[in-house]
Amino acid sequence: MRTGEGGGDGWGLEEFAAHLCLERSRSAHTRRAYLGDLTGLIEHAAGTGAHQPHEVRLSTLRSWLAAQLAAGAARSTLARRVAAVRTYFGWAVATGRVSGDPSVRLVAPRPDRALPPVLRSGQATALMEVAALAADDGDPVRIRNRAMLELLYASGIRVGELVAVDVDDVDFGRDVVTVTGKGDKQRVVPFGKPARAALHDWLTARSELVTPTSGPALFLGRRGRRVDPRQVRSALHEALRHVPDAPDLGPHGLRHTAATHLLDGGADLRAVQELLGHASLATTQLYTHVSVDRLRASYRQAHPRA
């Protein structure tokens, strides 16, 4: 499988990182994960005598995965690492670093389809009531937190999409927000009256935090800069502390909750797929399992002959 080895360390991780960013439009999170995965492979491969990509064989990749499985790595993690390796070697073939792809016959372990924890409908309502009550003191950050949580639950958008929203991305004429998802794909997502009211309140309070460097960001921190995902998680965790028996979700858990409640309410699966920005319907179908499991649990609890 040997061809030109390229410059640098022979693996070309910097060039591969640029490829992920510029040509594959992968997020910063995915790029970090893939590069970490490849660093682990490089260390393992060196231990087997393979110091350059053209020296890696299918057996090298299989032993790498087997060692991680034995160490307790989750199947979902292994599946991502297989994706990282396949992406890397596809690029390596295209750029002439190797003449053949050893990952072609590498089988990814089936990830465990663990059902994500979600809030019950009453808990979601209580969460929004907690956020609204906290915002009553007029603190612009608490008013912002309420608007962020209402929009997350109303739209099911990702936390990365939320923090990237600009003021002009919100259309109050149609009650929709334009977000940029994975692969830089834009989609238009609707929101309801509670989110609309919370956003109006926030836009009034936002002027108290604006600085000359705030730019167009919709959600700002106390220093006038665009919020980051950590601040959103903190706001959600704080509000959930006051909701009895609620699981301690992150923002992605609120996305799961929105999808589940939509399906519980009879929404079409493909409409939910479009709303969430899933490339594959199979990803959206996970939420149907959540809904069915909840239905089964209710049936067993309530039906006298369950």
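Structure's up top.
Residues numbered from 1 in each chain as written. Predicted model: local features only at pLDDT ≥ 70, side-chain atom pairs only at ≥ 80, totals over all residues. Heavy atoms only, no water.

**Description of the overall build of the chain**
How we decide: Strands are runs of DSSP state E lasting at least two residues, helices are runs of H or I lasting at least four, and both sets are numbered from the N terminus onward. The rule is simple: take the accessible area with a 1.4 Å probe, protein chains only, and divide by the maximum for that residue type; under 20% is buried, over 50% is exposed, in between is partly exposed. What makes two residues a contact is simply this: any of their non-hydrogen atoms within 4.5 Å. Per-residue accessibility takes into account occlusion by the displayed protein chains alone, with areas from the Shrake-Rupley method and a 1.4 Å probe.
Within the chain, the regular secondary structure consists of twelve helices and three strands. When the 306 residues of the chain are sorted by exposure, 42% land in the buried category. Sequence separation of 24 or more characterises 61% of the internal contacts of the chain that already satisfy a separation of 6 or more. Looking at the chain as shown, the accessible area adds up to about 16000 Å², and 52% of this sits on carbon and sulfur atoms.

**Looking at the pattern of salt bridges**
Side-chain pairs of opposite charge can arise where the charged atoms are in close proximity. We apply this condition: Note on definitions: salt bridges are taken to be side-chain nitrogens of Lys or Arg within 4 Å of carboxyl oxygens of Asp or Glu.
One pass over the full model with this rule turns up 13 salt bridges. Notably, a salt bridge pairs Arg 158 with Glu 161, separated by 2.5 Å at the nearest N-O pair. Note on Arg 158: relative accessible area 12%, which makes it buried. Looking at Glu 161, the relative accessible area reads 3%, which means it is buried. A salt bridge links Arg 226 to Asp 166; the nearest nitrogen and oxygen atoms lie 2.7 Å apart. Highlighted residues: Arg 226 in the loop between α8 (193-206) and α9 (229-240) and Asp 166 in the loop between α7 (159-164) and β1 (170-171), separated in sequence by 60 residues. One network of salt bridges, with partners in common, ties together Asp 37, Arg 80 and Arg 81.

**Examining the sheet that holds strand β3 (residues 186-190)**
Selection rule: Only when DSSP finds a minimum of two bridges between them are two strands counted as paired.
An order of β1-β2-β3 is seen for the three strands of this open sheet, with the pairing classed as antiparallel. Both outer strands of the open sheet, β1 and β3, are each paired with one neighbouring strand and no more. Both strand β2 (residues 176-180) and β3 contribute to a ladder of five bridges, which runs antiparallel. Paired with Thr 180 across the two strands is Gln 186, which belongs to β3.

**Observations regarding the pairing of β3**
When a strand is regular, its side chains alternate between the sheet's two faces. Here β3 shows a buried face lined by Arg 187 and Val 189 and an unburied face lined by Gln 186, Val 188 and Pro 190. In textbook terms, the turn of a hairpin is the stretch between consecutive antiparallel strands, and for β2 and β3 this stretch comprises five residues, one of which, Gly 183, has a positive phi near 70°.

**Here we look at the environment of Val 210**
Within the secondary structure, Val 210 is located in the loop between α8 and α9. Overall, Val 210 belongs to the partly exposed group, its relative accessible area being 39%. Spatially, the C-alpha atoms of Val 210 and Arg 225 are 8.1 Å apart, while their sequence positions differ by 15 residues.

**Re the packing of helix α1 (residues 13-22) against helix α4 (residues 75-94)**
Short version of the rule: To get an axis, a line is fitted to the C-alpha atoms, and for a helix only the part in contact is used. The angle between two axes follows their N-to-C directions and goes from 0 to 180 degrees. When an angle is under 35 degrees it counts as roughly parallel; over 145 it counts as roughly antiparallel; between 65 and 115 it counts as roughly perpendicular; any other value is oblique.
At a minimum axis distance of 11 Å, the contact between α1 and α4 shows a crossing angle of 105°. By the angle between their axes, α1 is roughly perpendicular relative to α4. Together, Leu 13, Glu 15, Phe 16, His 19 and Leu 20 of α1 and Ala 84, Thr 87, Tyr 88 and Trp 91 of α4 make up the contact between the two elements.

**Points about helix α2 (residues 28-47)**
Residues spaced three or four apart along an α-helix face the same direction, because each turn holds 3.6 residues. Note the cut-off: To estimate how far a helix should extend, the number of its residues minus one is multiplied by 1.5 Å. To obtain the arc, one takes the directions from the helix axis to the C-beta atoms.
Taking 1.5 Å per residue as the helical rise, α2 with its 20 residues ought to reach 28 Å, and the 29 Å between its terminal C-alpha atoms agrees with that figure. Three or more residues of α2 are buried, namely Ala 33, Tyr 34, Asp 37, Leu 38, Leu 41 and Ala 45. Within α2, the buried residues cover an arc of 130° as seen down the axis, which keeps them to one side. Turned more than 90 degrees from where α2 packs its buried face, His 29, Arg 32, Glu 43 and Gly 47 sit exposed. Residues of α2 that are buried sit in contact with α1, α3 (58-70) and α4.

**Remarks on the environment of Glu 14**
Mapped onto the elements, Glu 14 comes out in helix α1. Residue Glu 14 is classed as exposed on the basis of its relative accessible area, which comes to 70%. Once the C-alpha coordinates of Glu 14 and Leu 35 are considered, the two residues, 21 residues apart in sequence, prove to be 9.1 Å apart.

Scope: geometric values only; no functional claims are made or implied.
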